[in-house]
Amino acid sequence: VFLDLLKFAADQQLPAPESPFELFENDEIVAFSQLAWPNHLIAILLADQNEFVEFEEHFHRAGFQVFTPSSALEERANFLALFPGQWSANMESSQ
């Protein structure tokens, strides 16, 4: 599913994500995600990460939308809506 999300993002011509991404608070790493689009405040966490709930809370406090690879694909419209101006033309051309 992780690779499916990367392929989907590439097919939609989204900007390249950062991988991995470290979230800092007070000069300390408090969470990390497998993928992130920090300019769009999106973090992708793996559901089987031991620290999932803790990391999710840190990302939410920092204003990020948090997805798992599966939820990003299942909620494509919500995911793509976080990339304003970049996906509408791609969605039209793929129809």
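Residues numbered from 1 in each chain as written. Predicted model: local features only at pLDDT ≥ 70, side-chain atom pairs only at ≥ 80, totals over all residues. Heavy atoms only, no water.

## Observations concerning the pattern of salt bridges
- What the rule picks out here adds up to one salt bridge.
- In this structure, Asp11 engages Lys7 in a salt bridge whose closest nitrogen and oxygen atoms are separated by 2.9 Å. Of the two residues, Asp11 and Lys7 both sit in helix 1 (residues 2-11), four residues apart, roughly one turn of that helix.
- Residue Asp11 is classed as partly exposed on the basis of its relative accessible area of 47%. (Salt bridge = Lys/Arg side-chain N within 4 Å of Asp/Glu carboxyl O. Helix = DSSP H or I, 4+ residues; strand = E, 2+ residues; numbered from the N terminus. Buried < 20%, exposed > 50% of the residue type's maximum accessible area, 1.4 Å probe, protein only.)

## So, the confidence of the model for the protein chain
- Averaged over the protein chain, the pLDDT score is 89; the fraction of residues at 70 or greater is 89%.
- Taken together, the stretch residues 88-95 has pLDDT below 50 and engages in four contacts with residues farther than four places along the chain or on a different chain. (pLDDT = per-residue confidence, 0-100. Contact = heavy atoms within 4.5 Å.)

## Focus on the side chain of Ser33
- Structurally, Ser33 can be placed in strand 2 (residues 28-33).
- Exposure remark for Ser33: the relative accessible area of 0% places this residue in the buried category.
- At 2.9 Å, the side chain of Ser33 forms a polar contact with the backbone oxygen of Leu35.
- Dropping the residues within four chain positions of it, Ser33 is found in contact with Pro20, Phe21, Ala43, Ile44, Leu45 and Phe59. (Polar contact = N/O pair within 3.5 Å; in protein donor to acceptor, adjacent residues only side chain to side chain.)

## Observations concerning the packing of aromatic side chains
- Using the criterion set out here, one finds eight aromatic pairs in the structure.
- Aromatic side chains Phe21 and Phe64 sit 5.8 Å apart centroid to centroid with 40° between the ring planes, which places their arrangement in the tilted category. A residue pair is termed long-range when its members are at least 10 positions apart, and Phe21 in strand 1 (residues 21-25) and Phe64 in the loop between helix 2 (52-61) and strand 5 (65-67) qualify at 43 residues.
- With 5.4 Å between their ring centres and 90° between their planes, Phe67 and Phe79 make a pair best called edge-to-face. Placement of the pair is Phe67 in strand 5 and Phe79 in helix 4 (residues 76-81), with a sequence separation of twelve residues. Like Phe67, the residue Phe79 is buried in the burial classification.
- Each member of the aromatic cluster is reached from another via a ring pair, and the members are Trp37, Phe67, Phe79 and Phe83.
- Between Arg76 and the ring centre of Phe8, over which it is positioned, the NZ or CZ distance is 4.8 Å. (Phe/Tyr/Trp six-rings, centres within 6.5 Å; stacked < 30°, edge-to-face > 60°. Lys NZ or Arg CZ within 6 Å of the ring centre and 35° of its normal.)

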